[in-house]
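# Observations on chain architecture
This is what each chain is made of:
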Amino acid sequence: MSPRPLHAPRKPLPWELLLCLFFALRILPWLQGDLWYDEVLSLELFLLPKDSLWDVFQDYRIANNHILANAIQWLWIRLLPFAAGSELLLRIPPLLCSLATLLLLARRWSRWLGRPLALWTGFLLAASPLFAAFGLYQRGYPLALFLSTLALTLLEERREKSTPANALGLLLCSLGLPLVMPSAALVLLALFLAALLLPPRPLLAKAKLLWPLILGGALGCAYYLTLWAEFQRARVDSGGWASGWQVAGHLLLAFGLHLLPALLLWRRSQEPRPSLALAAGCLGAVLLALITAAPGGHAPFPRVFLPLLPLVTLAAVLPLKERQPQEVFLSLQGIALALLPGLLLGFLGDRLTQWQFAQGQPPPQNLLQQYYRGDEGNRIWSQTLAARISQGESLPPVAVNPTDYPAFSLYWRFQGLPLTDNNGTPRLFPANTLPRELLASQAREREFLLLAHNARELQDFLVLLKLPEEYPVTQEGVQANRTLFRLRLP
């Protein structure tokens, strides 16, 4: 019988499993939060009423149809019909896309970064509020981030060796990205510009490398020609920020904070071209999008640039490979450096949002803060009002912040409450306009409840409703960043 060794060999840590577990714990506080404005519009306009998958692809009445992502969600709801009533179940497909992105990065980027640095980059992305906060919602961002990561990976593999498999994969990714959302085509532009700055130099070699990217992107963008009138109308009506300079400044801040751990380890690279090419490609794509702003006279929301995140991340971590020992990245200090800045940014972003609500400021929507992140206010207040009705109280009509209205009306109906009474008088309506039934001189009810985020928002609604600022109101309750007011019409 052979003697047992004094020290058994240590089993390697299941790093990919730990990465997925960390991400799941990271988003757990937000995962069962209320469906927010865009999620509800997707559900009620493009998922539940559609009888076939083709109908999803043929409706672009507003820019909220992230076509390919909604097609996947449509199939998911047909597979699990009860998923439509559960925030958690509705968010399973986007959550799987985000986990796939992290695993793809950790496994496939090892060939360029080394396994420790690739895993470290996965933890950096999982902790980042830019990735985590958008990686769980029933929208196109998780799918776009996955396809962006896969397209970047396949293009890098093609630079090493072109094969039919990576050509087909890149073609499908390039076709899919614009179909998720038109702005995701910026990823293809950034990759194209980056590839022009890198070897191979001969034009024929460039064409052989890039033809799947060009063909797939052209086909994906050309699909919108079949919806051209709706597409143009959606561009004009879509929202955004007032200034392209504001968007550019916010992108610089948000992406810079996301990359802070990598920048703290950064050293000048002996071969900076790949990083500089990726960075230049992303910069060119962003500038083109901001210069060609939407016809409505506004700049796009910063979140439309989110699919560029994998490219920016790879550009930042590539120089670390040759300047830092690989064992640094999976040490306790290295993992802490990857995780703590992102976790701290998320915590501070949530605290800042709470403070802004307390100060009466408008609900924030940017890459570092989202007013709806983990929010449960619409569900809580709909349950509260439903309980008051079930106890025999006769409630007047309820006005709700227009931003909250789609989600609140969904949860209102989940409580079995009607949107109108038997006479057609609204029981629930957006707070930026009063229904004519309430304004009629013979109206039976001359009062209504108004649910607002704060007193300043209440004053804004009084102006919109053409009521005096000194209008007498009664405060009836405060919870979940919202206050319920009672108003009586003169």
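See the structure printed just above.
Predicted model, so just to flag it, every value in this text is computed and none were measured.

## As for the overall build of the protein chain
The secondary structure content of the protein chain amounts to 24 helices and five strands. Taking 23 Å as the expected radius of gyration for a compact globule of 490 residues, we find that the protein chain reaches 25 Å, a close match to that expectation. Referenced to the eigenvectors of the C-alpha coordinate spread, the extents of the protein chain come out at roughly 85 × 65 × 45 Å. Out of the 490 residues in the protein chain, the part that is buried amounts to 54%. Restricting to contacts in the protein chain with at least 6 residues of sequence separation, those with at least 24 account for 75%. Element-wise, carbon and sulfur atoms account for 64% of the exposed surface of the protein chain, whose accessible area totals about 22,400 Å². Of the side-chain charges in the protein chain, 41 are positive and 31 negative, and the distance between the mean point of each set is 11 Å.

## Some details on the packing of aromatic side chains
Summed over the entire model, instances satisfying the criterion amount to 18 aromatic pairs. Ring geometry for F134 and Y141: centres 5.7 Å apart, planes at 75 degrees, overall edge-to-face. The exposure class of F134 is buried, given its relative accessible area of 2%. Take Y141: its relative accessible area is 6%, and that puts it in the buried class. Members of the aromatic cluster, joined through ring pairs, are F57, Y60, Y223, Y224, W228 and F231. The ring of F301 carries R303 above its face, with NZ or CZ at 4.4 Å from the centroid.

## Description of the pattern of salt bridges
One pass over the full model with this rule turns up 23 salt bridges. Where E44 meets R413, a salt bridge forms, and the shortest distance between an N and an O atom there is 2.7 Å. Separated by 369 residues along the polypeptide, E44 in helix α2 (residues 37-47) and R413 in helix α22 (residues 405-414) bring together distant segments of the chain. On the accessibility criterion, E44 (29% relative accessible area) is partly exposed. Between R427 and D421 there is a salt bridge, with its nearest N and O atoms 3.9 Å apart.

## Quick look at the nonpolar core
Membership of the largest hydrophobic core comes to 100 residues, with the highest contact counts inside it found for F23, W120, F305 and L311. Discounting chain neighbours no more than four positions away, the residues touching W120 are P261, A262, L265, V317, L320, F329, G334, I335, L337 and A338. Ranked by size, the runner-up nonpolar core spans 17 residues in total, among them F429, A452, L465 and L489.

## Quick look at the environment of S275
By the element assignment, S275 lies in helix α17 (residues 273-291). Exposure remark for S275: the relative accessible area of 12% places this residue in the buried category. Once the C-alpha coordinates of S275 and F23 are considered, the two residues, 252 residues apart in sequence, prove to be 26 Å apart. Those residues in contact with S275 that lie beyond four places of it in its chain are A315, L318 and P319. At 2.8 Å, the side chain of S275 forms a polar contact with the backbone oxygen of A315.

## Overview of the state of the cysteines
Covalently bonding the sulfur atom of one cysteine to the sulfur atom of another cysteine gives a disulfide. Tallied over the entire structure, the rule returns zero disulfides. Among the cysteines around C173, which has no disulfide bond, C97 carries the closest sulfur, lying 12 Å off. Classification of C173 by relative accessible area gives buried; the value is 3%. Distance from the sulfur of C221, which forms no disulfide, to the nearest cysteine sulfur (C173) is 14 Å. For C221, a relative accessible area of 40% corresponds to the partly exposed category.

## A short note on the side chain of D375
For D375, the position within the fold is in the loop between α20 (332-358) and α21 (377-390). There is a polar contact of 2.8 Å between the side chain of D375 and the side chain of R482. Residues contacting D375, with those up to four places away along its chain left out, are G33, D34, A480 and R482.

## Looking at helix α4 (residues 67-79)
With 13 residues, α4 should cover 18 Å at 1.5 Å per step; its first-to-last C-alpha distance of 18 Å lies within 8% of that length. Where α4 is concerned, the buried positions are I67, A69, N70, A71, Q73, W74, W76 and I77. On its buried side, α4 packs onto α2, α3 (53-57), α5 (87-90), α6 (92-108), α10 (141-160) and α11 (164-180).

## As for the sheet that holds strand β4 (residues 473-479)
If you trace the five strands from one edge of the open sheet to the other, you get β2-β1-β3-β5-β4, paired in mixed fashion. Single-partner strands in this sheet number two, and they are β2 (428-430) and β4. For this sheet, the mean inter-axis angle between neighbouring strands, taken without regard to orientation, is 25 degrees. The pairing of strand β1 (residues 398-400) with strand β3 (residues 447-452) spans three bridges and is classified as parallel. Residue pairing across strands places A399 opposite L450, the latter belonging to β3. Of the strands in this sheet, β3, β4 and β5 (482-488) are in contact with helix α24 (residues 455-464), which crosses β3 at around 130 degrees.

## Here we look at the side chain of E457
With respect to the helices, strands and loops of the structure, E457 is situated in helix α24. The charged side chain of E457 is buried without a salt bridge, its nearest counter-charge being R482 at 7.4 Å. Excluding anything up to four places from it in sequence, E457 contacts P363, N401 and A452.

## Description of the pairing of β5
Strand residues, when the strand is regular, have side chains that alternate between the two faces of the sheet. In terms of residue burial, β5 counts as a mostly covered element, since six of its seven residues are buried. Relative to β5, β4 runs antiparallel, the two being bridged by six bridges. For T474, the partnering residue across the bridge sits in β5 and is R486. Between the end of β4 and the start of β5, which pair antiparallel, lie two residues, with A480 showing a positive phi angle near 55 degrees.

Parameters and conventions
Residues numbered from 1 in each chain as written. Predicted model: local features only at pLDDT ≥ 70, side-chain atom pairs only at ≥ 80, totals over all residues. Heavy atoms only, no water. Helix = DSSP H or I, 4+ residues; strand = E, 2+ residues; numbered from the N terminus. Rg over C-alpha atoms; globule rule 2.2 N^0.38 Å. Buried < 20%, exposed > 50% of the residue type's maximum accessible area, 1.4 Å probe, protein only. Contact = heavy atoms within 4.5 Å. Areas by Shrake-Rupley, 256 points an atom, 1.4 Å probe, with all protein chains shown as cover. Lys, Arg positive; Asp, Glu negative; His and termini not counted. Charge placed at Lys NZ, Arg CZ, Asp CG, Glu CD. Phe/Tyr/Trp six-rings, centres within 6.5 Å; stacked < 30°, edge-to-face > 60°. Lys NZ or Arg CZ within 6 Å of the ring centre and 35° of its normal. Salt bridge = Lys/Arg side-chain N within 4 Å of Asp/Glu carboxyl O. Core = buried A, V, L, I, M, F, W, Y, C linked by side-chain atoms within 4.5 Å. Polar contact = N/O pair within 3.5 Å; in protein donor to acceptor, adjacent residues only side chain to side chain. Disulfide = S-S within 2.5 Å. Expected span 1.5 Å × (residues − 1). Pairing = 2+ DSSP bridges. Axes fitted to C-alpha atoms, helices over the stretch in contact; angles between N-to-C directions.

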